[in-house]
Amino acid sequence: MAHILYWNGVALEANRRDFSNEPGKNKPKPEQGGPTLSSRALAIVHLAMYDAHAGAVNNPISLPRYLNLPPSPAIGTASAAAAVAAAAHACLTKLYPRQKAHFDAAHAAAGVSGPGIPQGHVFGLAVAQAILADRKDDPSISDDGYAASVYPRAHRQDPDNLGQGYHAPFYGAGSKCFAVTVRHELDQLSTLSAAEHDAALKQVRGKGIAPELMGTLPTTYKKRTVDETVVGIYWAYDGPRGLGTPPRLYNQIIREVAMTALNPNTGIVNTDDDNARLFALVNVAMGDAGILAWDQKYIHDFWRPVIGIREHDPSMGPAAPTPKDNIDNDCDSEWLPLGAPASNSYVAATDDEPKQSEKNFTPPFPAYPSGHATFGAAALHITRLFYGVADGNRSADTVYTGPFVSDELNGITQDNKGTVRPRHLRKFDDGLWQMIEENGFSRVWLGVHWSFDAFALTAGKPDLTRNIGGVPLGLTIAEDIFATGGGKAPVKSTVGPRL
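What this report covers is the structure whose coordinates are included nearby. For every chain, the first residue of the written sequence is number 1, and numbering continues from 1 onward in sequence order. Owing to the predicted nature of the model, reporting of local features is limited to residues with pLDDT of at least 70; listing and counting of side-chain atom pairs is limited to 80 or more, with chain, interface and lining totals taken over all residues. For side-chain calculations, the full set of non-hydrogen atoms in the structure is used, while hydrogens and water are omitted.

## So, the pattern of salt bridges
Part 1 of the argument: Any Lys or Arg side-chain nitrogen located within 4 Å of an Asp or Glu carboxyl oxygen qualifies as a salt bridge. Summed over all chains, the structure comprises 27 salt bridges.
Part 2 of the argument: Between Asp 274 and Arg 277 there is a salt bridge whose closest N-O contact spans 3.6 Å. Highlighted residues: Asp 274 and Arg 277, both in helix H10 (residues 272-300), separated by 3 residues, approximately one helical turn.
Part 3 of the argument: Asp 274 gets classed as buried once you look at its relative accessible area, which sits at 8%.
Part 4 of the argument: Across the pair Asp 397 and Arg 384 runs a salt bridge, and its minimum N-O distance is 2.6 Å. Of the two residues, Asp 397 sits in the loop between helix H12 (371-386) and helix H13 (431-445) while Arg 384 sits in helix H12, which places them 13 residues apart along the sequence. Across this residue pair, the class does not change: Asp 397 and Arg 384 are buried.
Part 5 of the argument: Among the ionic contacts, a cluster of salt bridges with common partners joins Glu 13, Arg 16 and Arg 17. Counting from the N terminus, the helices are the DSSP runs of H or I reaching at least four residues and the strands are the DSSP runs of E reaching at least two. Residue exposure (1.4 Å probe, protein chains only): buried if accessible area is under 20% of the type maximum, exposed if over 50%, otherwise partly exposed.

Structure follows, in structure tokens:
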């Protein structure tokens, strides 16, 4: 297999393995936990792969370097495949040291041959060291020093999953960016009308409710359909055992694009040069999406539906401003969501241990904007741009229409009760654009996001003329990075931490 796709596959397997521990209180935490660190890790690995390939090819006009160090070898003296293998292996072992044996085996099985292997190997190691050094001061995802607000509408932990903490409250503000030219920001949710807030609450209360509570809904509420349930689960990848995080899902889709779609500039399926560029652009866009989305999350600090619906009445919550004895009918103090699926968490009982499983949950960070929506829009839109979709286009495309099987619905993955979900072959008649919109809506159907966390709605459809939600943020990130690099490759950002 071509060396870029090979090591992309190894990196995605590292993400999957990082989230493959048995459930239970004593399981080791992922080494690159959550969507923030996993997107950072994939950005680092793919930047190293890109610079190793570009430096070995040594054609700066078509393959400009991300970092100027180390200098490119003399033309024709270094194997690009060996350079990429060394760079990817070195970054992966640094980021995921528990998986070193797996990476050693992957390196041995890579099948690198031909001239220039020693020179390529040395160069690839030097590239990896330079990329890792460039990101050595990135902040952790710790919530030490963070205290959640008790003010109404502020994010607090899921009441059905106490003790989950707060993921990466300082990561976004404390990280320098990978390739964007500015810290893109979103409009305040106060720009939405009271009617829009009310519609979003009614939508997720009905569409996102736990199945066992559907009978409690007022008859005026619209319930989740079969299609909406499938969409919610299909796009999830909320760090469950054996599946990993959303950046892995979007890479899986783009692998299919890279292996089937015709490059508009050449009329053929991607070459190694094309794949080095594409996967660097995609993963750097998601690296910046993780930084900017989390920066915005903790700036706006907006509550999730599991709190917002239960405490919708002003008499509810730890800082309730108004005592009442007649509760607003849109408040449901017992409401729970379908939830981010804790897939593959069920372990059957043995003679020594009782059965184990984990609850579905609400992710441990503020709602606005949706990380899923931001990651998906950034990754899929920069892929659209790569395949010739015009900057500013917000409509259907034919870049890739599927079929694609999500690992959440592959006939193997189990729900948190141990039941195997069916395999679902999904198509996308409107291409990657349909994926962007569907991915944004999916979080409402799980009950873990409001619709405006992805985009504002007009007549029930996404309104992308407004700077509201993760989809506009992801689209802006993609267009910024693609335009700055002239569509060739990411350009190193000069945007430092906000704090």
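## Topic: the environment of Phe 441
Part 1 of the argument: The topology assignment puts Phe 441 in helix H13.
Part 2 of the argument: Classification of Phe 441 as buried rests on a relative accessible area of 15%.

## Some remarks on the side chain of Thr 413
Part 1 of the argument: Tracing the sequence through the fold places Thr 413 in the loop between H12 and H13.
Part 2 of the argument: What makes Thr 413 buried here is its relative accessible area of 4%.
Part 3 of the argument: Engagement of the side chain of Thr 413 in a polar contact is seen with the backbone oxygen of Asp 407, the distance being 2.6 Å.
Part 4 of the argument: In what follows, residue pairs with any heavy atoms lying within 4.5 Å of each other are defined as contacts. Excluding its chain neighbours within four sequence positions, the residues that come into contact with Thr 413 are Leu 243, Ser 343, Asn 344, Asp 407, Glu 408, Thr 419, Val 420 and Arg 421. Polar contact is defined as a pair of N or O atoms within 3.5 Å, subject to the rule that within protein one atom must be able to donate a hydrogen and the other to accept it, and that residues adjacent in sequence are counted only when both atoms are side-chain atoms.

Treat this as a map of the structure, not an account of what it does.
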